[in-house]
Amino acid sequence: MLRLEGIRHEYNGKCVLDLPQWQAAQGETWLVLGPSGSGKTTLLHILAGILRPGAGRVIVAGQDLVALQAAELDRFRGRHIGIVLQKLHLVASLTVMNNILLAQYLAGLPQDERRTREVLSNLGLGEKTSSYPSELSHGQAQRVALARAVINRPQLLLADEPTSNLDDLHCNEAYELLLSQAQACNATLVIATHDQRIRERVTNRLSLEARI
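Just so it is clear, the structure is predicted and the values come from calculations on it, not from any experiment.

S.K.: I tried to follow the sheet that holds strand E3 (residues 29–33) on my own but got confused; where do I start?
M.R.: Neighbouring strands of a sheet are bound in pairs by backbone hydrogen bonds; such pairs are parallel or else antiparallel. Strands sit in the order E6-E7-E8-E3-E9 across an open sheet of 5 strands; the sheet is parallel. The open sheet has two free edges, formed respectively by strand E6 (81–84) and strand E9 (204–207), since each of these has just one partner strand. Neighbouring strand axes in the sheet, compared pairwise and without regard to direction, differ in orientation by 20° on average. The pairing of E3 with E9 spans 4 bridges and is classified as parallel. Counterpart to Val32 in the pairing with E9 is Leu206. On the sheet, helix H2 (residues 70–80) packs against E6 and strand E7 (156–160) and is oriented at approximately 80° with respect to E6. Sitting on the sheet, helix H5 (residues 138–150) is in contact with E6 and E7, with an inclination near 170° to E6.

Right under this line is the structure:
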């Protein structure tokens, strides 16, 4: 489902990611492990098409992301890739419902309120459709970001440190929500983390080392 070949990326002349090869099948769950500075977030941004690698190929759902022009990449990402970043980037001036509908609009897909209400309800947010981000708890806002990530039934779902700031109970809940939503879409789930609490729950692991 996804395949990386010869990935290398530098910032200011310093190599921050060097990954000769990696692949994951449709529906698999993977952890990307490593300390701060090992390139986990850089890798997720490359997988999402947010960042173009300095070298290498990024194949997602049969498409080489590096070969796409910016507008084509934005459209492809919107339709095939869901991502939950550390900073949730909800639009403060839009309601929960409209934040989700915006993801459909940007992907060039019909805005489906029924589908949106279904996803929000499944995430325990059925009563929050008219709320604004400032009226949500952190956990609720994180679930809205997850709803936005899965609304278009992505083939690849990415999450960057989704549990690092949560207590044990909410850590487990966040992980289970990610897993259940990925399974609902049969999406490949890739979680970048250094959280040891979820490490033993996933057998597929890609370990990155800190680069000095």
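That covers the picture; the talk isn't over yet.
S.K.: Quick question: what am I supposed to make of the packing of aromatic side chains here?
M.R.: Within a pair of aromatic rings, the relevant descriptors are the distance that separates the centres and the angle that separates the planes. Here the structure, examined in full by the defined rule, presents 1 aromatic pair. Judged by centre distance (5.4 Å) and plane angle (80°), the rings of Trp22 and Trp30 are edge-to-face. The residues Trp22 and Trp30 share a single accessibility class, namely buried.

S.K.: What exactly am I supposed to notice about the pairing of strand E8 (residues 188–193) here?
M.R.: Residues in a regular strand point their side chains to alternate faces of the sheet. Burial of E8 is extensive: 6 of the 6 residues sit out of reach of the surface. Neither face of E8 is open: one carries Thr188, Val190 and Ala192, the other Leu189, Ile191 and Thr193, and all of them are buried. Alignment of E3 against E8, held across 5 bridges, turns out to be parallel. Opposite Trp30, over in E8, you have Val190 as the bridge partner. Examined bridge by bridge, E7 and E8 share 5 bridges and lie parallel to one another.

S.K.: How do you make sense of the nonpolar core when you look at a structure like this?
M.R.: As a rule of thumb, nonpolar side chains are buried together in soluble globular proteins. The biggest cluster of nonpolar side chains holds 36 residues, and the ones touching the most others in it are Val144, Leu146, Leu157, Leu178, Leu189 and Ile191. Every element with two or more residues in this core is listed here: E3, helix H3 (96–106), helix H4 (113–122), H5, E7, helix H6 (168–185) and E8. In this structure, Leu146 is in contact with Val84, Leu123, Leu157, Leu177, Leu178 and Gln181, ignoring residues within four places of it in sequence. In this structure, Ile7, Leu43, Ala48 and Val58 belong to the second largest nonpolar core, which totals 29 residues.

S.K.: Would you mind showing me how to read the pattern of salt bridges here?
M.R.: Side-chain pairing between opposite charges can occur once the charged atoms of the two side chains come close. Overall, the coordinates contain 12 salt bridges when judged by the stated rule. With a closest N to O distance of 3.3 Å, Asp18 and Arg8 form a salt bridge. Within this pair, whereas Asp18 is found in strand E2 (residues 14–24), its partner Arg8 is found in strand E1 (residues 2–11), the two being separated by 10 residues in sequence. A relative accessible area of 37% places Asp18 in the partly exposed class.

S.K.: Help me out: how do you make sense of the side chain of Gln181 in this one?
M.R.: Here Gln181 is to be found in helix H6. By relative accessible area, which is 10% here, Gln181 ends up buried. With residues near it in sequence (within four places) discarded, Gln181 still touches Asn122, Leu123, Leu146 and Val150.

S.K.: What exactly am I supposed to notice about the packing of H3 against H4 here?
M.R.: A packed helix pair is summarised by two numbers, namely the angle formed by the two axes and the spacing between the axes. At a minimum axis separation of 10 Å, H3 and H4 run at an interaxial angle of 120°. Taken together, the axes of H3 and H4 are oblique relative to one another. Seen from above, H3 lies across H4 with right-handed handedness. Seen from H3, the contacting residues are Val96, Met97, Ile100, Leu101 and Gln104; seen from H4, they are Glu113, Arg115, Thr116, Arg117 and Leu120.

S.K.: Would you explain H2 in this entry?
M.R.: The periodicity of an α-helix, 3.6 residues per turn, causes residues three or four positions apart to be oriented the same way. Buried within H2 we find Leu73, Phe76 and Arg77. All buried residues of H2 fall inside an arc of 100° around its axis, so they share one side. Those residues of H2 hidden inside the fold are in contact with helix H1 (40–48), strand E4 (55–60), strand E5 (63–64) and E6.

Cut-offs used in this document
- Residues numbered from 1 in each chain as written.
- Predicted model: local features only at pLDDT ≥ 70, side-chain atom pairs only at ≥ 80, totals over all residues.
- Heavy atoms only, no water.
- Pairing = 2+ DSSP bridges.
- Helix = DSSP H or I, 4+ residues; strand = E, 2+ residues; numbered from the N terminus.
- Axes fitted to C-alpha atoms, helices over the stretch in contact; angles between N-to-C directions.
- Contact = heavy atoms within 4.5 Å.
- Phe/Tyr/Trp six-rings, centres within 6.5 Å; stacked < 30°, edge-to-face > 60°.
- Buried < 20%, exposed > 50% of the residue type's maximum accessible area, 1.4 Å probe, protein only.
- Core = buried A, V, L, I, M, F, W, Y, C linked by side-chain atoms within 4.5 Å.
- Salt bridge = Lys/Arg side-chain N within 4 Å of Asp/Glu carboxyl O.
- Parallel < 35°, antiparallel > 145°, perpendicular 65-115°, else oblique.
- Left-handed = near helix turned anticlockwise from the far one by under 90°.
- Arc of directions from axis to C-beta.

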